[in-house]
Amino acid sequence: MKKATAMFLSLALVMTTLAGCGQTMNSATGETQSAEEAVVADDAAATEEGAEATAEVSESVAGLVELANSLQGASYNEAAPDWTEYESLISQIKSETDYANREALMHQAEDILMATGAVLPIYYYNDIYMLRDGISNIYSNLYGFKYFMYAEGVEGGVLNANLASEPAKLDPALNSSVDGACLAVNSFAGLYTYDANGELQPALADSYTVSDDGLVYTITMKEGLKWSDGSDLTANDIVYSWKRAAADETAADYAYMFDNIKDANGEVNVVADDDHTLTVTLGAPCAYFLDLMAFPAFYPVQQAAVESAADWEANPGAWCQEAGFVSSGAYVLKEWTHDESMVYVKNPYYYDAENVTVDELHFMLSADDTAIFSAYNAGDVDFIDSVPTDAIASLLENSEFYIVPNLGTYYAAFNVNSELFAGKTATQAALMRIALTLLIDRDYIVQNIGQTGQEVATAFIPAGMLDGNGGVFKTNDDAYTYPNADTTGYFTDSYSAECVEDARILLEMAGYEFDENGMLSESTPISLNYLTNDGTGHIKVAEAMQQDFAELGIEMTITSEEWNVFLDDRKAGNFDFAREGWLADFNDPINMLEMWTAASGNNDCQFGRE
């Protein structure tokens, strides 16, 4: 079985390399042909079900259409893509020790992901916030984490801020939102952290060594570490916390991040040699392992605190659903008026407490952009993480308005198991979704809604992300060329009448009919609902797409939900089409790819799930 799987993956990799060089294999003849020749081939080459796309789409999207042609249906749902090859690729990537091969496999995985059409990249993120003049040294990194503890110029030692509405999870192992991560990095501590320059620095760790083969890390922790209740924080707490985060019973969205630390029996391979020393054994060398130790899912939590909750086994996060829980970071949560406010106070036991300059953090809990902006203008808060879209243009020259780099992608996504695709083959469903991708005027969204210099996205993995092999992933080179070489992506980066015509052709391939005006026929309508959270920018993006889809007579309604309800519905697959966004957790493409495995708690598209 293992040998057969390896041979299959090797063959698939060769096929991808040929496609990257502008060639593909004709499944009927076995002959090699250019992508353009394949796309304009005679319609008779299509299957009876219309599963193979062969009409004359433009060159800008031809390569993506060819990828969609290769999709097979899942055993449980013919319209959903079979996900076994993707799952195998992710496993192979995680164990691959040749970095060039690893990069090639990651390109192959993104090819499969984009071929489904279920992920619709819109733009690559940057981050905005407002900070009162006179306050400095609040910093943010590429992953959206905000660090408040070393701020200067804070009057009375109290910083008033807004990050978002009521947080969904405060347990660092269970959180999967950016606002929750911001709370985690200020109230918990990991073995490593990021400084104001975005560089990794030891936190609870003092130093580390790594074996010559890159597999065994020995981590020495600082002496005298304490929890916020004054009890000792030791290496055993790290062991407990990592095993807890990876355990099925905890049901952490990020449990898959621990896969490379598991032994042959599936146990997290970390041991405490003594109170201050850890030994971690990896399954394969991991260039970003220190970044993992700076990520909240790897932060320690106190076993006694976790298991003090009456229903801790059934509800793993119950221990920190009210103020007063034990933590390890710069602050402890003193007061929490749900859906209204939170008060964090300085933790005297924090390992770097002597350098913490802000005594208290007072958070306004709201997702109402207008109310948040009004509170800032009234002087009630000093830091806000969002502003109304209509206000952005007037703020671009304001010294209190900050635009900072991020590493991530704002996108929309389809639930591949939605009834919207009933009766379609996997390829037909993919072509339908790709058609909608082409109809989105990303330039309009970036220029008129984003307004802060975002870059139009033509692939899911963001521009600037490293490839783990000494270069940048989103690049054409001798080893791989993107299906749309001109945009180093999968489709054009500019909206035009050609995009609309390509979308119409793809919808016809998927079984839809059009009337004499080029609009969807009443006999084959498309009606879908778009799910988003509150926020003026998200609503405006939805409305822009609604108008774009109407160009071909596609009807889209918009449903907006409160943040936590939205997160739950999206995670459970209770949607057709939804607003999404992913800020990288570390600078490697695997972070953007492993989230789509069936077992991942972040697989909102429901790939591989019945």
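One can find the structure itself at the top, above this paragraph.
Residues numbered from 1 in each chain as written. Predicted model: local features only at pLDDT ≥ 70, side-chain atom pairs only at ≥ 80, totals over all residues. Heavy atoms only, no water.

Caption draft 1: Up close: the environment of Asn355. With respect to the element layout, Asn355 can be found in the loop between β16 (341-346) and β17 (360-364). Judged by relative accessible area, Asn355 falls into the partly exposed class, the value being 41%. Separated by 98 residues in sequence, Asn355 and Gly453 place their C-alpha atoms 35 Å apart. Those residues in contact with Asn355, other than ones at most four positions away along the chain, are Met149 and Tyr150. For Asn355, the side chain forms a polar contact with the side chain of Asp352, separated by 2.7 Å. (Helix = DSSP H or I, 4+ residues; strand = E, 2+ residues; numbered from the N terminus. Buried < 20%, exposed > 50% of the residue type's maximum accessible area, 1.4 Å probe, protein only. Contact = heavy atoms within 4.5 Å. Polar contact = N/O pair within 3.5 Å; in protein donor to acceptor, adjacent residues only side chain to side chain.)

Caption draft 2: Structural view of helix α7 (residues 235-246). For α7, built from twelve residues, the straight-helix expectation of 16 Å at 1.5 Å per residue is met to within 8% by its first-to-last C-alpha distance of 17 Å. Counting buried positions along α7 yields ten of twelve residues, so the element is predominantly enclosed. The elements touched by buried residues of α7 are β12 (216-221), β13 (270-274), β14 (277-281), α8 (289-293) and α9 (303-306). (Expected span 1.5 Å × (residues − 1).)

Caption draft 3: Examining the sheet that holds β12 more closely. As summarised here, the arrangement of the four strands in space is β11-β12-β14-β13, forming an open sheet in which the pairing is antiparallel. One side of each edge strand has no neighbouring strand; the edge strands of this open sheet are β11 (205-210) and β13. Between one strand and the next, the sheet's axes are offset by a mean angle of 20°, whatever the strand orientation. Here five bridges tie β11 to β12, and the two strands are oriented antiparallel to one another. Bridging across to β12, Tyr208 finds its partner in Ile219. (Pairing = 2+ DSSP bridges. Axes fitted to C-alpha atoms, helices over the stretch in contact; angles between N-to-C directions.)

Caption draft 4: Structural detail: the nonpolar core. With 184 residues, the main nonpolar core has Leu191, Trp242, Phe289, Phe460, Met545, Phe577 and Trp596 as its most contacted residues. With ten residues, the top contributor of residues to this core is helix α12 (residues 426-439). (Core = buried A, V, L, I, M, F, W, Y, C linked by side-chain atoms within 4.5 Å.)

These figures come from the coordinates and say nothing about function on their own.
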